[in-house]
Amino acid sequence: MKDYYQILGVSREASQEEIKKAYRKLAHKHHPDKGGDEKKFKEINEAYQLLSNKEKRDQYDRFGRVFEGAPGWQEGRGFDFSRGFGKDFGFDFEDISDIFSEIFGFETTRKKDLKRGRDIEIDFEINLEDTLKKIEREVNLYKFVSCSRCQGSGAEPGTKIKECFSCRGTGQVQQIKRTFLGSFTRVTICPVCQGEGKKPEKPCIVCKGQGRVKKEESIKIFIPAGVDSNQVIKIEGKGDAGRIKGEPGNLYIRVHVLPHKIFQRKGDDIYIKTPISISQAVLGDEIEILTLENKKILLKVPSGTESGKIFKISEKGIPHFSGYGKGDLYVELKVKIPKKLTKKQKELLEKLKEEGV
């Protein structure tokens, strides 16, 4: 009786990901086209087909049943994907295709939107005070835009669009790959019409049949209030124009908030350090505080305030990105120690010293 776990070199508790990794490694090592043992390779393939299927694996663990030969293998006919990786064995074709693309050097074709335009990402710098409200700016991008001559169709105005002679209008062609396991047929995008199924009788003389041209375009962007550094704003449909009236890509704006000379941002809260004199700290006072809006507000300093004391002023920070409420302003008071004193100041301090202050 074959021990499929031993063949792949994994434990009976191995996860599906561990089984897949083990199969990839062994398949590369023992592949006949790379000098490996054909018999060993078939055995590895058989073990993987069984252990990668939950139902079959459970049955094998419980009853030790061995399936002779890998499903889908037909002597003299090669490998039939519809049987070997179809419903009979419960394989996900897209999952197994990644493995076969590495082993055989080709990709199984998946439906791709070849007409869709490329997404564009740009960096955009703003000042900290710009985060207080929604801002509107314009940026100039050199990108693909729809061809104005053919209106994006790719055909010279007044000419017809005909069926592609290569794929007969299907947008797909068949390719045959021959291996020691037999012949594999895959369907791929038609290289002549790029999957369109049709070709212009005469390509547009401006865009050469692409339906788009590169030029500079001015785009209006909006940055919401409360935005933070490294946040990305998405503007749909403002990336590259698609090929032949294909869907356009999106524009992604990565925002960078520049550091401020006075204020420091932490989340949606703002921090500022403000100096006060010794007399203000001891006796108390009312001082002016500058806000991020460049307005002044009054802060009452209690008598006996120590250096480093922090006061919170509610709703004077940055608006929350959600649009509801604002952060707070935190003021840290730093008692200023004078380095030079006048004669009178020294006399007054000496008297205070005599009084024990």
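For the structure given in this document, a descriptive report is provided here. Here the structure is a predicted model, which means the values were calculated and not measured.

Things to note about the overall build of the protein chain
When its secondary structure is counted, the protein chain shows eight helices and 17 strands. Each of the 357 residues in the protein chain was classed as buried or not, and the buried ones make up 39%. Only carbon and sulfur atoms are counted for the fraction: they give 48% of the accessible area of the protein chain, which is about 22,200 Å².

Remarks on the sheet that holds strand β10 (residues 232–235)
Ordered by their spatial adjacency, three strands build an open sheet running β3-β11-β10, and the pairing between neighbours is mixed. Two strands in the sheet have a free side with no partner beyond their single neighbour: β3 (120–126) and β10. Direction aside, neighbouring strands of the sheet carry axes that sit 25° apart on average. Summarising the sheet, β10 and strand β11 (residues 251–257) pair through four bridges and their orientation is antiparallel. Within β11, the position partnered with Ile235 by the bridge is Leu251.

Focus on helix α3 (residues 38–51)
The first and last C-alpha atoms of α3 sit 20 Å apart over 14 residues, in line with the 20 Å expected at 1.5 Å per residue. Burial in α3 covers these residues: Phe41, Ile44, Asn45, Glu46, Ala47, Tyr48, Gln49, Leu50 and Leu51. You can read the cap of α3 off the contacts: a side-chain oxygen lies 2.9 Å from the backbone nitrogen of Lys39, and it is on Asp37.

With respect to a nonpolar patch on the surface
Residues Ile278, Val282, Leu283 and Ile337 make up a contiguous nonpolar surface patch of about 410 Å² in total accessible area. Following the sequence through the fold, Val282 ends up in helix α7 (residues 278–283). For Val282, a relative accessible area of 46% puts it in the partly exposed group.

Comments concerning the packing of aromatic side chains
Tallied over the entire structure, the rule returns two aromatic pairs. A ring pair is formed by Tyr23 and Tyr48, whose centres lie 4.2 Å apart and whose planes are at 15°; its orientation type is stacked. Note that Tyr23 is positioned in helix α2 (residues 16–30) and Tyr48 in helix α3, a separation of 25 residues in sequence. On the basis of relative accessibility, which here comes to 2%, the residue Tyr48 falls in the buried class.

Topic: the sheet that holds strand β12 (residues 264–266)
Ordered in space as β12-β13-β17-β16, the four strands form an open sheet in which the pairing is mixed. Two strands close off the open sheet at either side, each with one partner strand: β12 and β16 (310–313). Between one strand axis and the next, the sheet turns through 30° on average, direction left out of account. The pairing of strand β13 (residues 269–276) with strand β17 (residues 329–335) spans seven bridges and is classified as parallel. Looking at β17, one finds that Ile276 is bridged to Val335.

Remarks on the nonpolar core
Counting 35 residues, the largest nonpolar core has Ile221, Ile223, Leu251 and Ile253 as its most contacted members. Non-local contacts of Ile221, meaning those with residues more than four positions away in its chain, are made with Phe124, Ile135, Glu136, Arg137, Val139, Ile235, Leu251 and Ile253.

A few points about the pattern of salt bridges
According to the stated counting rule, one finds 20 salt bridges in the structure shown. Between Asp58 and Lys54 there is a salt bridge, and its shortest N-O distance comes to 3.2 Å. In this pair, Asp58 and Lys54 are both assigned in helix α4 (residues 54–63), four residues apart and thus about one turn of the helix distant. Members of the salt-bridge network, linked through shared partners, are Asp228, Arg265 and Asp268.

Details of unusual backbone geometry
A positive phi angle, near 60°, is found at Gln151, a position not held by glycine. Mapped onto the elements of the fold, Gln151 is located in the loop between β4 (135–146) and β5 (161–163). Classification of Gln151 by relative accessible area gives exposed; the value is 55%.

Thoughts on the environment of Thr188
Note on placement: Thr188 falls in strand β7 (residues 182–189). Among the residues examined, Thr188 registers a relative accessible area of 13% and is labelled buried. Between the C-alpha atom of Thr188 and that of Val173, which follows or precedes it by 15 residues, the distance is 5.5 Å.

Concerning the pairing of β17
Within β17, five of the seven residues are buried, leaving the element largely enclosed by the surrounding structure. Inspection of the sheet shows β16 paired to β17 by four bridges, in the antiparallel sense. In the sheet register, Lys312 faces β17, and the bridge partner there is Tyr330.

Looking at the side chain of Glu332
As for its position among the elements, Glu332 is in strand β17. Leave out the neighbours within four places in its chain, and Glu332 touches Ile272, Lys273, Thr274, Gly308, Lys309 and Ile310.

Observations concerning the pairing of β3
Alternating positions in β3 separate cleanly, Ile120, Ile122, Phe124 and Ile126 being buried on one face and Glu121, Asp123 and Glu125 remaining unburied on the opposite face. Bridge count for β3 against β11 is seven bridges, and the pairing is parallel. Each residue of the ladder has a partner; that of Ile126, found in β11, is Val257.

What counts and how
- Residues numbered from 1 in each chain as written.
- Predicted model: local features only at pLDDT ≥ 70, side-chain atom pairs only at ≥ 80, totals over all residues.
- Heavy atoms only, no water.
- Helix = DSSP H or I, 4+ residues; strand = E, 2+ residues; numbered from the N terminus.
- Buried < 20%, exposed > 50% of the residue type's maximum accessible area, 1.4 Å probe, protein only.
- Areas by Shrake-Rupley, 256 points an atom, 1.4 Å probe, with all protein chains shown as cover.
- Pairing = 2+ DSSP bridges.
- Axes fitted to C-alpha atoms, helices over the stretch in contact; angles between N-to-C directions.
- Expected span 1.5 Å × (residues − 1).
- Polar contact = N/O pair within 3.5 Å; in protein donor to acceptor, adjacent residues only side chain to side chain.
- Patch = residues over 30% accessible without salt bridge, like charges linked within 9 Å, V, L, I, M, F, W, Y side chains within 5 Å.
- Salt bridge = Lys/Arg side-chain N within 4 Å of Asp/Glu carboxyl O.
- Phe/Tyr/Trp six-rings, centres within 6.5 Å; stacked < 30°, edge-to-face > 60°.
- Core = buried A, V, L, I, M, F, W, Y, C linked by side-chain atoms within 4.5 Å.
- Contact = heavy atoms within 4.5 Å.

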